[in-house]
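Fold and geometry: a report
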Amino acid sequence: MMRARIAVAKLAMNTLRYFLPLALLAVAAPASAQFACTTNYCISTQSISFQTPPGWPAVEVEPCCRTHWGALPGAIDWSNGAPIMICTGRPEYVTSFPNCGDPQNVSQAFPLDYERPTFAIGVAWPNAKDYRYEMQSVPLVDGPDGTCAQYSNKPGQVTNWWVHELKEPKRGTYVFTAAVSFQKGEKGYYAVLNSCSLSPPSSPMVQ
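The sections below set out a description of the structure shown in this document.

Criteria and cut-off values
Residues numbered from 1 in each chain as written. Predicted model: local features only at pLDDT ≥ 70, side-chain atom pairs only at ≥ 80, totals over all residues. Heavy atoms only, no water. Helix = DSSP H or I, 4+ residues; strand = E, 2+ residues; numbered from the N terminus. Buried < 20%, exposed > 50% of the residue type's maximum accessible area, 1.4 Å probe, protein only. Contact = heavy atoms within 4.5 Å. Areas by Shrake-Rupley, 256 points an atom, 1.4 Å probe, with all protein chains shown as cover. Salt bridge = Lys/Arg side-chain N within 4 Å of Asp/Glu carboxyl O. Core = buried A, V, L, I, M, F, W, Y, C linked by side-chain atoms within 4.5 Å. Polar contact = N/O pair within 3.5 Å; in protein donor to acceptor, adjacent residues only side chain to side chain.

Describing the overall build of the protein chain
Each helix and strand counted, the protein chain has 1 helix and 10 strands in total. The helix and strand sequence of the protein chain, counted from the amino end, reads α-β-β-β-β-β-β-β-β-β-β. A total of 207 residues make up the protein chain; the buried ones form 43% of that total. For the protein chain, the proportion of contacts with a sequence separation of at least 24, taken over those separated by at least 6, is 70%. Here the protein chain has roughly 11900 Å² of accessible surface; of this, 55% comes from carbon and sulfur atoms.

Brief notes about the pattern of salt bridges
Within the structure shown, the criterion is met by 4 salt bridges. Here Asp 113 ties to Arg 90 by a salt bridge, and the two come within 3.0 Å at their closest N and O atoms. Of this pair, Asp 113 sits in the loop between strand S4 (110-111) and strand S5 (118-126) while Arg 90 sits in the loop between strand S2 (85-89) and strand S3 (99-101), placing them 23 residues apart in sequence. Since its relative accessible area comes to 34%, Asp 113 is described here as partly exposed.

A short note on the nonpolar core
One finds Trp 162, Phe 176 and Leu 193 to be the most contacted residues of the largest nonpolar core, which totals 29 residues. Among the elements of the structure, strand S1 (41-50), S5, strand S9 (172-184) and strand S10 (189-199) are those that each provide at least two residues to this core. In contact with Leu 193, other than residues within four places in its own chain, are Ile 86, Val 123, Leu 140, Val 141, Asp 142, Gly 143, Cys 148, Trp 162, Phe 176, Ala 178, Ala 179 and Val 180. Membership of the second largest hydrophobic core comes to 10 residues, among which are Ile 76, Cys 87, Ala 124 and Met 135.

Quick notes on the side chain of Ser 152
Considering the arrangement of structural elements, one finds Ser 152 in the loop between strand S7 (140-142) and strand S8 (162-165). Judged by its relative accessible area of 8%, Ser 152 falls in the buried class. Among the polar contacts listed, one links the side chain of Ser 152 to the side chain of Trp 162, at a separation of 3.4 Å. Excluding residues within four positions of it along the chain, Ser 152 makes contact with Asp 142, Trp 162 and Val 163.

Below is the structure:
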């Protein structure tokens, strides 16, 4: 009986040694490995350009929402608080762990519902008080070029995030892009989006 117990213990230890490196490998996997859309519809986002406000990054921001972040670009230059990111998640933005993209990195694909796929759009930057660990949401409004109003559920108004529903959706990943600048309100800066574009999936998903 003692020999049997020893054999079982050795087997358990060998199994642990075998699976532990695999678990560590999964945690360390690069973000690019997660980009594929695994459902019918997905959304990715990217800020194509941004203009920071005077005094950046130590500036006041209009009061906004608090959220828990999902995937962020892996090459963020945390040392100077840049870049400005466009983020996307479920319509309940603050509880959906949104993914973010910057001019150098398209965000990871965020899965959408099968019926009436709808997503939120928000803006964020690394917080001036703690570049390395903390993100900060920035309220936004559609800009004067008129390209972004169709994606906002409150066009012409400063709001914490937008909600947009895909009409006649196609399977695959949509990509939302915009240029970001800033204006100062009564309580701080908010983001202004122009040159908005929602690109449909480039090709049908492989069955």
